[in-house]
Amino acid sequence: MTKYIFITGGVVSSLGKGISGASIGKLLQLHGFKVNMIKFDPYINVDPGTMNPYQHGEVFVTTDGAESDLDLGTYERFLDVYTSKANTNTAGDIYQTVINRERRGDYDGATVQVIPHITDEIKRRFVALKADCDISIIEIGGTVGDIEGLPFMEAARQFQLENKKEDIFSIHVTLVPYIAGAHELKTKPTQHSVNKLREIGISPDMIICRTEHALDESLKRKISLFCNVKEECVVEALDAPSIYYIPEALYEQNVDSLIIEKLNIKPKKKFDKTWFTKIKSISKFDKKVKIAVVGKYADLKDAYKSIDESLNIAAAELNTRAEVHYLGAEDKNLVEKLKNYDAILVPGGFGNRGIEGKIKTITYARRNKIPFLGICLGMQCIVIESSRNLAKLEGANSTEFDENTKYPVIKILDEQKNIKYRGGTMRLGNYKSEIKKNTLAHKLYKSTEIEERHRHRYEMNPEFIKVLEKVGLSVSAYHKRVLPEIVEIKTHPFFIGVQFHPEFASRPMKAHPLFKGLINTALKNK
Ligand code: GLN
């Protein structure tokens, strides 16, 4: 029997519903339950693949090639599971499914409406993963009161009605702001938000209050009284030094026991507290490395969320604090600024902006033997840089940036040429590569066959491999023996570019070898 935990948000967005959900999922997992998380985003985009990272943060890619919300990355890292297309839903994709059905004539002449047709499709997706989990955590994106979120709330209300009380637990995450002038925490926004939720017909079982200051008993009592939630179910979520400390903070407030009690389930094993201690043990730093990430979105950490996590996770395993700075590739003083860093990374990206800055960054890292990792577009820039500066192929470029370049060292695949629709049409998800022995890639992965996630349209042009290998840029892994997947420079302490996205595969205490290698070399170089 699968149980369901619904997570909604109130007052403001960006309260970390995903982190709260993932933390609760972790606690339940430590009790032996099989947990899955499903995200519902109320926007009309079919997926976030075409959305600007400035608005939406990074696009997380699942192994089966879904372009999804970055919360799926949080789920994967907390729960150490793999998510898939079924874990990510948007209003756009739900409406598209219903409209396609209507066009096929499947509704038999009925008027197709939000209730019941859209809500039925949402409910179908609530239970999509029930076969392989004990508890499904369903996070509804956005904030209560948003017009576009209404069908999702309505579907959750219906779902409540159609299932037993003990099968559903509803959590509302809100903000309890601190008003400095009055030296006071304010509960009114939470009261309004819960009222809004109750108008829809959902009464939360628990309220998680994001706050900068601890909530005292009287505040908890007030929230309990006004919001019709038991006092012990008013939970405080203070900002934590690491998001991985949040499960323990919730555990200390009995969040897991309260959920288990209401859902009327029995833990499947003795609670395993060692995860808390292990997480703490990797937060003791006696060293520091400074890493520059040179990309298009200079001051937006969320645009490179998984990269940030990967660097921190890898550094932590080496008792090192990663000080990661995001430098804009168009910054005029870029090369000067790079002198302050122990390692450099050029992440993935799309479009022409900042390309020349990324190439200059690579020249600097290559010449000065600074540990360097290029990811996806970052690898493509390595190929362009080596072509221009080592192989002297003047004007070498990717056809993404210069269609008429004399030396198209990165080019679009024939099968990608005639694509009209941009969404979901890239090389997406897991692909295998074969790694050559006696390469840095092999030393790091300790394997000759790997599988990593992709999200790109352009590829290194195989016609240029020979010339580039002659000048020192070698291909150390291929997909199906033809498409280059990893390039490296053997005479450099750590200079490697990968066509895929290793950042999606890092988990706490399971650092990814590429990130660990980068930081390890940076430490040795210091
Ligand atoms: N823009 C490049 C491509 O489409 C790289 C994509 C990426 O870095 N994710 O191939």
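Just above sits the structure.
The shown structure was predicted, so the numbers you read here are calculated from the model rather than taken from an experiment.

K.L.:
Provide a residue-level description of the site of the ligand, including the pertinent values.
P.N.:
Every residue close to the ligand is listed here: Gly348, Gly349, Phe350, Cys376, Leu377, Gln380, Glu400, Arg455, His456, Arg457, Tyr458 and His501. A distance of 3.0 Å separates an oxygen atom of the ligand from a polar atom in the backbone of Leu377. A distance of 2.8 Å separates an oxygen atom of the ligand from a polar backbone atom of Tyr458. About the coverage of the ligand: the protein hides 99% of its 300 Å² of free accessible area. Of all elements in the fold, only helix H15 (377-389) and strand S19 (449-456) reach the threshold of two or more residues within the shell around the ligand. Grouping the amino acids of the shell around the ligand by side-chain chemistry returns 4 nonpolar, 5 polar and 3 charged.

K.L.:
Describe the packing of aromatic side chains, listing the residues and the values that go with them.
P.N.:
Counted by the stated rule, this structure contains 14 aromatic pairs. Here a set of aromatic residues connected by ring pairs shows up, and it is made of Tyr4, Phe6, Phe40, Phe126, Phe152 and Phe159. The ring of Tyr341 carries the charged tip of Lys290 above its face, separated from the ring centre by 5.3 Å. The positively charged end of Arg507 is found above the aromatic ring belonging to Tyr82, 4.8 Å away from the centroid.

K.L.:
Go over helix H3 (residues 71-79) with me, naming the residues and quoting the values.
P.N.:
Burial runs high along H3: 9 of the 9 residues are buried. All of the buried residues along H3 are Asp71, Leu72, Gly73, Thr74, Tyr75, Glu76, Arg77, Phe78 and Leu79. Directly beyond the C-terminal end of H3, a positive phi value near 55° is found at Asp80.

K.L.:
Outline the pattern of salt bridges, supporting the account with residue identities and numerical values.
P.N.:
This model, assessed by the stated rule, comprises 37 salt bridges. Glu385 is the partner of Arg366 in a salt bridge, and the nearest nitrogen-oxygen pair spans 2.8 Å. Of the two residues, Arg366 is situated in helix H14 (residues 355-367) and Glu385 in helix H15; the sequence distance between them amounts to 19 residues. Residues Arg366 and Glu385 agree in their burial class; the two are buried.

K.L.:
So what's going on with helix H1 (residues 17-30)? Which residues, and what values?
P.N.:
When the terminal C-alpha atoms of H1 are compared, their 20 Å separation across 14 residues agrees well with the 20 Å that a helix rising 1.5 Å per residue should span. Gly32 sits one or two residues past H1 and shows a positive phi near 95°.

K.L.:
Can you explain the sheet that holds strand S12 (residues 287-295)? Please cite residues and give values.
P.N.:
One open sheet holds the 9 strands; their spatial order is S13-S12-S14-S15-S23-S22-S21-S18-S19, and the pairing between them is mixed. In this open sheet, the two strands that pair with only one neighbour each are strand S13 (320-328) and S19. The average angle at which neighbouring strand axes cross in this sheet is 25°, direction not considered. The pairing of strand S22 (residues 483-489) with strand S23 (residues 495-498) spans 3 bridges and is classified as antiparallel. The partner of Val487 across the bridge, within S23, is Gly497. Contacts from H14 reach S12, strand S14 (343-346), strand S15 (372-375), S22 and S23, with the element oriented near 150° to S14.

K.L.:
Report on the pairing of S12, specifying residues and quantitative values.
P.N.:
Sheet topology places S12 next to S13; 9 bridges connect them, and they run parallel. When the sheet's bridge partners are listed, Ile291 is paired in S13 with Val324. The handedness of the S12 to S13 crossover, carried by helix H12 (residues 305-317), is right-handed. Inspection of the sheet shows S12 paired to S14 by 3 bridges, in the parallel sense. Across the sheet, Ala292 pairs through a bridge with Ile344, a residue of S14.

K.L.:
Residues and numbers for the side chain of Thr190, please.
P.N.:
Looking at the secondary structure, you find Thr190 in helix H7 (residues 188-200). Beyond its immediate chain neighbours, meaning those up to four positions away, Thr190 contacts Val11, Thr174, Leu175, Val176, Ile207, Ile223 and Cys227.

K.L.:
Mind laying out the nonpolar core, listing which residues take part and the relevant values?
P.N.:
Core analysis: the biggest nonpolar cluster contains 92 residues, and Ile5, Ile24, Ile171, Met206, Leu311 and Ile486 have the highest contact counts within it. Leave out the neighbours within four places in its chain, and Met206 touches Phe169, Ser170, Ile171, His172, Val229, Cys233, Val235, Val255, Leu258 and Ile259. Residues Ile355, Leu393, Leu468 and Phe495 belong to the second largest nonpolar core, which totals 40 residues.

K.L.:
Give me the packing of H14 against H15: which residues, what numbers.
P.N.:
The contact between H14 and H15 brings their axes to 9 Å, and the two run at 70°. Looking at the two axes, H14 sits roughly perpendicular to H15. Contacts between H14 and H15 involve Ile355, Glu356, Lys358, Ile359, Ile362, Thr363 and Arg366 from the former and Leu377, Gly378, Cys381, Ile382, Ile384, Glu385, Arg388 and Asn389 from the latter. Residue composition of the contact of H14 with H15, by class: 7 nonpolar, 3 polar and 5 charged.

What counts, and where the lines are drawn
Counting from 1, residues in each chain are numbered in the order their sequence is written. Reporting of local features is limited, given that this is a predicted model, to residues whose pLDDT is at least 70; pairs of side-chain atoms are given and counted only at 80 or more, and all residues count toward the totals for whole chains, interfaces and linings. Each side-chain value is worked out from all heavy atoms of the structure, with water and hydrogens disregarded. Residues are counted as near a molecule or strand when any one of their heavy atoms sits within 4 Å of it. N or O atoms within 3.5 Å of each other form a polar contact, as long as, within protein, one can give a hydrogen and the other can take it, and as long as residues adjacent in sequence are counted only when both atoms are side-chain atoms. Accessible surface is estimated by sampling points in the Shrake-Rupley manner with a 1.4 Å probe; for residues, cover comes only from the protein chains shown. A run of H or I in DSSP counts as a helix once it spans at least four residues, and a run of E counts as a strand once it spans at least two, with each numbered from the N terminus. Under the scheme applied, nonpolar residues are Ala, Val, Leu, Ile, Met, Phe, Trp, Tyr, Cys and Pro; charged residues are Asp, Glu, Lys and Arg; polar residues are all the others, including Gly. The pairing test for Phe, Tyr and Trp rings, Trp by its six-membered ring, is centres within 6.5 Å, and the orientation test on the planes gives stacked under 30 degrees, edge-to-face over 60, and tilted for anything in between. Both a distance and an angle decide whether a charge sits over a ring: NZ of Lys or CZ of Arg must be within 6 Å of the ring centre and within 35 degrees of the ring normal. Burial here depends on accessible area, computed with a 1.4 Å probe over protein chains only, as a share of the maximum for the residue type. Under 20% is buried, over 50% is exposed, and the range in between is partly exposed. A pair is scored as a salt bridge if a Lys or Arg side-chain nitrogen falls within 4 Å of a carboxyl oxygen belonging to Asp or Glu. To estimate the expected span of a helix, subtract one from its residue number and multiply by 1.5 Å. Should DSSP find at least two bridges between two strands, the strands are regarded as paired. Axis angles are defined between N-to-C directions and span 0 to 180 degrees, where every axis is a line fitted to C-alpha atoms and, for a helix, only to the segment in contact. Residue contacts follow a heavy-atom distance rule, with two residues in contact if any of their heavy atoms lie within 4.5 Å. Orienting the strands away from the viewer, one traces the path from the first strand over the helix to the second; a clockwise path indicates a right-handed crossover. Side-chain atoms within 4.5 Å are what join buried Ala, Val, Leu, Ile, Met, Phe, Trp, Tyr and Cys residues into a set we call a nonpolar core. Angles below 35 degrees are treated as roughly parallel, those above 145 as roughly antiparallel, those between 65 and 115 as roughly perpendicular, and all remaining angles as oblique.

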